[in-house]
Amino acid sequence: AQSVTQPDIHITVSEGASLELRCNYSYGATPYLFWYVQSPGQGLQLLLKYFSGDTLVQGIKGFEAEFKRSQSSFNLRKPSVHWSDAAEYFCAVGTGGATNKLIFGTGTLLAVQP
Amino acid sequence: EAGVAQSPRYKIIEKRQSVAFWCNPISGHATLYWYQQILGQGPKLLIQFQNNGVVDDSQLPKDRFSAERLKGVDSTLKIQPAKLEDSAVYLCASSPQGHGYTFGSGTRLTVV
């Protein structure tokens, strides 16, 4: 069955420090992978997506993610975190095909210390 | 380009009451999704429409939830009767052909 695992429920980093959020997926075919960010009371904003090609994907707000097929992972990174990055982050896999739906992980809540 | 519009933003009801949510997708987007996001969890797909036809409603609790998409544009999601465990954020998303999903801001439902 298709699934997404985000092992870290809550992460705290200092402002200016680097960040890596982990995501592992289970999907039989070539996955379409996404990272979304959700601020309190807001909807989901797309940070970046991977469909094919270069396995290192650049997104908005200085985020990047690397697709590693051998590890079934799609980890999100940022070299220097800003206080405004505090939010909840969701990894998702798109099923493609006729149904074309998103399956989400449980999310990682990021707190940023001054 | 206007985004996905949802209303109301917040709703508080008592258990066993009914409630309805409305979604207006981005113009021209053929696919519309309703997701349920319970606090502390990722969004879970409830129902997916392609134009005005249902593609996937396998996760929709059909004894109490219903949804329609008249004329392949706007959509409403209804809960009747509501239970305490229905407290969640209900997110609507739309997509053209392909993988360009756009989410609305959601409706936060509290059942007391």
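Q: Pulling in residues and values, what's your account of the overall build of chain A?
A: Scanning chain A from terminus to terminus reveals 0 helices and 12 strands. Its helices and strands taken in sequence order, chain A reads β-β-β-β-β-β-β-β-β-β-β-β from the N to the C terminus. Radius of gyration (C-alpha) of chain A: 14 Å, near the 13 Å computed for a compact globule of 114 residues. When its C-alpha atoms are laid out on the principal axes, chain A stretches across 45 × 30 × 20 Å. Of all 114 residues assigned to chain A, the portion counted as buried reaches 46%. Taking the contacts inside chain A whose residues are at least 6 apart along the sequence as the reference set, 53% of them involve residues at least 24 apart. Split by element, the accessible area of chain A, about 5,300 Å² in all, is 50% carbon and sulfur.

Q: A description of the interface of chain A and chain B should follow, citing residues and the corresponding values.
A: In this assembly, 20 residues from chain A lie in contact with 20 residues from chain B. Of the roughly 1,600 Å² buried between chain A and chain B on both sides combined, carbon and sulfur atoms contribute 51%. Interface area lost by chain A to chain B is led by Leu44, Asn100 and Lys101 of chain A, which between them contribute 29%. Summed over the shared surface of chain A and chain B, the result is 1 salt bridge. Connecting chain A to chain B are 3 residue pairs in polar contact (both at pLDDT 80 or more). With 4 residues, strand E5 (residues 32-38) of chain A is the single largest residue contributor to the side of chain A that touches chain B. Within the side of chain A that touches chain B, the residues separate by chemical class into 9 nonpolar, 10 polar and 1 charged.

Q: So, the nonpolar core: which residues are in play, and what are the values?
A: Residues and elements named next belong to chain A. One finds Leu19, Trp35, Leu47, Leu48, Phe74, Leu76 and Tyr89 to be the most contacted residues of the largest nonpolar core, which totals 28 residues. Those elements giving two or more residues to this core turn out to be strand E2 (10-14), strand E3 (19-21), E5, strand E6 (45-50), strand E8 (64-68), strand E9 (73-78), strand E10 (87-94) and strand E12 (108-113). When residues in this core are grouped by element, the largest group, 4 residues, is from E10.

Q: A description of the packing of aromatic side chains should follow, citing residues and the corresponding values.
A: A complete count under the given rule lists 18 aromatic pairs over all chains for this structure. Residues phenylalanine 104 of chain A and phenylalanine 103 of chain B carry aromatic rings whose centres are separated by 6.0 Å and whose planes lie at 70 degrees to one another, so their mutual orientation is edge-to-face. Pair noted here: phenylalanine 104 of chain A is in strand E11 (residues 102-104) and phenylalanine 103 of chain B is in strand E10 (residues 102-103), and the two residues belong to different chains. On the accessibility criterion, phenylalanine 103 of chain B (9% relative accessible area) is buried. When the ring of phenylalanine 65 of chain B is compared with that of tyrosine 90 of chain B, the centres are 6.4 Å apart and the planes differ by 40 degrees; the resulting orientation is tilted. Taken together, the residues phenylalanine 65 of chain B in strand E7 (residues 65-68) and tyrosine 90 of chain B in strand E9 (residues 88-95) connect sequence positions 25 residues apart.

Cut-off values and rules
- Residues numbered from 1 in each chain as written.
- Chains lettered and ligands numbered in written order.
- Predicted model: local features only at pLDDT ≥ 70, side-chain atom pairs only at ≥ 80, totals over all residues.
- Heavy atoms only, no water.
- Helix = DSSP H or I, 4+ residues; strand = E, 2+ residues; numbered from the N terminus.
- Rg over C-alpha atoms; globule rule 2.2 N^0.38 Å.
- Buried < 20%, exposed > 50% of the residue type's maximum accessible area, 1.4 Å probe, protein only.
- Contact = heavy atoms within 4.5 Å.
- Areas by Shrake-Rupley, 256 points an atom, 1.4 Å probe, with all protein chains shown as cover.
- Buried area = accessible area lost by both parts, 1.4 Å probe.
- Salt bridge = Lys/Arg side-chain N within 4 Å of Asp/Glu carboxyl O.
- Polar contact = N/O pair within 3.5 Å; in protein donor to acceptor, adjacent residues only side chain to side chain.
- Nonpolar A, V, L, I, M, F, W, Y, C, P; charged D, E, K, R; others polar.
- Core = buried A, V, L, I, M, F, W, Y, C linked by side-chain atoms within 4.5 Å.
- Phe/Tyr/Trp six-rings, centres within 6.5 Å; stacked < 30°, edge-to-face > 60°.

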